[in-house]
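Given next are the chains, with one letter for each unit.
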Amino acid sequence: MAIRVNPTFIDELDRFGAEDVQLCYQCGDCSTVCPHADDVYKFPRKSMRSLQMGLEQKIETTLEPWLCYYCGQCSTQCPREADPGETMMSLRRWLISRYDFTGIARKFFKSRLTEVLAIVIVALFTGAFLVYYGLSGGSIDIYDGEGAFLPSQFIHRFDLSIGSILLIFLLANAIHMWYLVMVKGTNFFVPWWLYIKEFFQLPWHFFTQKRYSECEKKQEHPVFMPWIIHLGLMLGYVTMLVLVMVFIEQLQSGPDIRWSVHIFGYLATIGLVTGTLYFIRSRLKKSYVQYKKSHGTDWVFVVLLFIIVLTGILQHIFHRTGLNELANITYVVHLMGVVPWLLRMPFSKWSHLIYRPLAMYFAEIRREALTRQEEIIQSVPVLIK
Amino acid sequence: MCGTNIAKIVDVEAVAKYVSGIPDVVLAKTYKYMCSNPGQEMIIQDIKEHHLNRIVVAACSPNMHERTFRNALRSAGLNQYLFEMANIREQCSWVHKDPEEATEKAKALVYAAICRVTFHEELESMSVNMCPNVLVVGGGIAGMTAALELADAGNNVHLVEKNNHLGGNLARVDLTAPYLYSARDLLTEKITRIMNHKQVHVYFESKLSELTGFIGNFKATIQMLNGKPGKINNPVEVEIGNVIVCTGFKEFDASRIVHYGYGKLPNVITSFELEKMIRTGRIETRDGKIPKYVAIIHCVGSRSQEFHTYCSRVCCMTALKYAHEIKSANPESYISDIYIDMHAFGKGHEDFYLRSSEAKTLFLMYEKGDRPVIHKASPKDNCEMLIEVNEKLSGELIEIPADLVILMVGMEAREDSHEIARIVNISQDKDGWFIESHPKLEPVATTTDGIFIAGTCVAPKDIPDSVAQARAAAARILARISKGKIEVDALYSEVLDDKCSGCRFCNQLCPYSAIVFDEEKKHSYIISALCKGCGVCVAACPSAAIRGRHFTDQQVLAQVDGLFCENG
């Protein structure tokens, strides 16, 4: 069956950041320099072509965009300045909006105004709710213990409920991704035990981001810089998420400091601060190819993160120095950033936290299933003749 | 010796020694580069000193240096035809490995040349008058350019045009790629100037019906086509010195390719039909709707085994021009450009291609021979037609939505071009294009002296190339006119009147129409200005009544004898 070409698709992807893809004339230089492209996963050349031709059914089932870590070599090398790196990035944005069944991600990517408005509204709601709750049950002068403005048990329950909403969306999107990639887009047999055999890929890629480090080999970057910074940011983020979700009561507790918890808190903060500052600086200076173009959502991402980190640190300082009133106010501001941030996650770039390891996992399963199938075909050549 | 080219295989000293022993040979010398100035000087000195009357140079191919040595003979006061070259480079040292055998062969070749040169005669080239009037056939951009160039230099030009207007195929075009100049602007200036020019005589709705004579002295008969009743329709006879043929091309008939459904599907149109639409100012489908999806298919009739194997050269850029024009007229349109290869060879073309890419033209590549197929779409498809094609760059079998399909029809030789070819006596290739006398070095001359070709009647080409050819042909003619006379090579054949029986066998054979039958004297004679000395008539004449000058039986047989005799 012939695949239908959709000439309008390229205009839609323009909004997701693929502004130069039409210039590509398929020379294949990008795939040659890419440290990750191989015989099975041919990108960026093939992805560029599918995008130009608007082969939506093909793109929604591919893993290629997730296998790219945007080292930017292809964009430097491209003779037509078609920016394959940014094209892969915009395909990731499009895929995020495709996996998301609510259609919110799509709206965010296509209009910065919608996104900012949504964040402001959620932030104001959160703020109003927290102030109302705090004033109705406690005093703004008390930070912890009896009569506290925002008691830790309440914040724990609050965090958990926000966390479960986040989880539900993420899970649903991940399942959608699995369906598109492994069911709709896989026309060969995949044995179930491969899912178990390759399961280690998930934590392995999640915690090491090994493939990102492979991007650096051919680059002129300071040694492994973006990879280390990115890893630090990611680990800081995950640690903080775990601390907030599980150990909030210890974090918020009185003057006795439990170092076993707080040492992680400080480490995570260092990772977050360095990462955020590094990425803001890079995007402003446009120092490397991958930071030359910033989509609206990229800015919302770093700026919001920066606000959260800053208010978090301030709140901690005020709390420790006994300025309870100020601590409570910064706490509310901090949460006004955290809630939209968390709720936005399934609909934004942040969700690559889940999709990337999943993609690596699926990619290995598919690769192995393909090799198995080829072996079977080769062992019984008579049948084909 | 030619440096080491000859000397490394052939023992040239041995050859010289052998040659000096032959009777009648006065002098045999070797030199490192005989064609160099000192080498020629040596020949001149020797001729003067030893009063030599025949010269043989054993060196490279006469194609390379015959003219050089003939000039040397002339400088020494000797007739240039008393010279013969023995080719011991291309035909000996370059093709043999055994030095001994090669030396023997070189000896034989030189001996043969010596035998031949003994019988050489002193020949004089002659000159004929050059009539300054010129006939230009075809009033397209090439014809008009040539006519103006010649008339501006003060010569009378007769311009014959088949239609009732000037402009040719260019008049059917709106803008021109890649700089988007208006074709009308390009033409109007030329047409106005031609119509007001005192020295250009335009014959509308006419054709060249007969051409007699030879270079510098042609007589052309111009006849009205389909003379209207009641009007006197006398053929005009003009005297001219040279002819430029600029009859142009016709477009390929797209209905010959059934895959494309041209003539059956209402919204499949040819490039010229689109030009017409653009000139009326509205690009729309047959139902008057603005097409959302427009597809352009390249190489219709070109670059295929079934139709024409050649590339029509202008369609790629014209297609990009359409993409530009359609997108400018309807910004909501999406254009798919379905091509085999994008030939952006000329000045400004690659930039034009880049600009088209920037405007988001979707380029889709198909394999030569694996043509797209156009189907009618069903109502749920939201478009008029679907084009199915194996896309080469993605490797997918795809279908492209289209509301309007434009077929980039290629160029073809006109169906009446063989008639022109016969009248002016030039040849055509397998595709019907006129053949130039040398594809690289003589691109506008033909094998018939005084007949020039320019523009798309030679091969598909774009406007700048056509204009350049027209001006080149005009320049060639102007150079001859300014000389007033033209030298004709002394190598032609002649009929020995007393031997000719008047069988007229040679008349039909002559590829240059140089042999004419004299009804009064009842024998044939050769117009020496037209004869190229090819020797066909010499070989064919049953009564051996034709003699090829410089290639007489005696000379050729002597050479053959020299080559094969035992002692040689």
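What you are looking at is a predicted structure, and each value in this text was computed from that prediction instead of being measured.

What counts and how
- Residues numbered from 1 in each chain as written.
- Chains lettered and ligands numbered in written order.
- Predicted model: local features only at pLDDT ≥ 70, side-chain atom pairs only at ≥ 80, totals over all residues.
- Core = buried A, V, L, I, M, F, W, Y, C linked by C-beta atoms within 7 Å.
- Buried ≥ 20, exposed ≤ 12 C-beta atoms within 10 Å, placed from the backbone.
- Contact = placed C-beta atoms within 7 Å.
- Helix = DSSP H or I, 4+ residues; strand = E, 2+ residues; numbered from the N terminus.
- Nonpolar A, V, L, I, M, F, W, Y, C, P; charged D, E, K, R; others polar.
- Pairing = 2+ DSSP bridges.
- Domains from an automatic or database assignment.
- Axes fitted to C-alpha atoms, helices over the stretch in contact; angles between N-to-C directions.

### Some details on the nonpolar core
Then comes step 1: Formed by 103 residues in total, the largest nonpolar core has its most connected members in Ala295(B), Ile296(B), Ile387(B), Val405(B), Ile406(B), Leu407(B) and Met408(B).
Then comes step 2: Counting residues in each nonpolar core, the second largest holds 61 residues, with Met144(B), Val157(B), Leu159(B) and Val458(B) among its members.

### Points about the interface of chain A and chain B
Then comes step 1: Taken together, the contact between chain A and chain B spans 15 residues of the former and 15 residues of the latter.
Then comes step 2: Those elements giving two or more residues to the side of chain A that touches chain B turn out to be strand S1 (3-4) and helix H3 (45-53) of chain A.
Then comes step 3: A total of four residues in the side of chain A that touches chain B trace back to one element, the largest contributor, which is H3(A).
Then comes step 4: Residues belonging to the side of chain A that touches chain B are distributed by class as follows: eight nonpolar, five polar and two charged.
Then comes step 5: Pairing between S1(A) and strand S20 (residues 397-402) of chain B: two bridges, direction parallel. Within S20(B), the position partnered with Ile3(A) by the bridge is Ile398(B).

### A few points about the domain arrangement of chain B
Residues and elements named next belong to chain B.
Then comes step 1: With domains assigned, chain B is organised as domain 1 (12-123), domain 2 (134-248 + 414-485), domain 3 (254-408) and domain 4 (493-549).
Then comes step 2: Between the C-alpha centres of domain 2 and domain 3 the distance comes to 33 Å.
Then comes step 3: On the side of domain 3, 18 residues touch domain 2, which itself brings eleven residues to the contact.
Then comes step 4: Tallied by class, residues from the side of domain 2 that touches domain 3 come to six nonpolar, no polar and five charged.

### A closer look at the environment of Ala16(B)
Residue and element names in this part refer to chain B.
Then comes step 1: You can see Ala16 is positioned in helix H1 (residues 12-20).
Then comes step 2: On a C-alpha basis, the gap between Ala16 and Lys29 in space is 6.2 Å, while along the polypeptide they are 13 residues apart.
Then comes step 3: Contacts of Ala16, omitting those with residues within four sequence positions, involve Ala28, Lys29 and Thr30.

### Here's the deal with the sheet that holds strand S15 (residues 293-300) of chain B
Residues and elements named next belong to chain B.
Then comes step 1: If you trace the five strands from one edge of the open sheet to the other, you get S14-S21-S15-S16-S17, paired in parallel fashion. A strand with exactly one partner marks an edge of an open sheet, and here the two such strands are strand S14 (268-270) and strand S17 (362-365). Put simply, the sheet's adjacent strands are angled 25° from each other on average, direction ignored.
Then comes step 2: Pairing between strand S16 (residues 334-339) and S17: four bridges, direction parallel. Bridged to Ile338 within S17 is Leu364.
Then comes step 3: Sitting on the sheet, helix H9 (residues 315-329) touches S15, S16 and strand S21 (404-409), and the angle it makes with S15 is about 170°.

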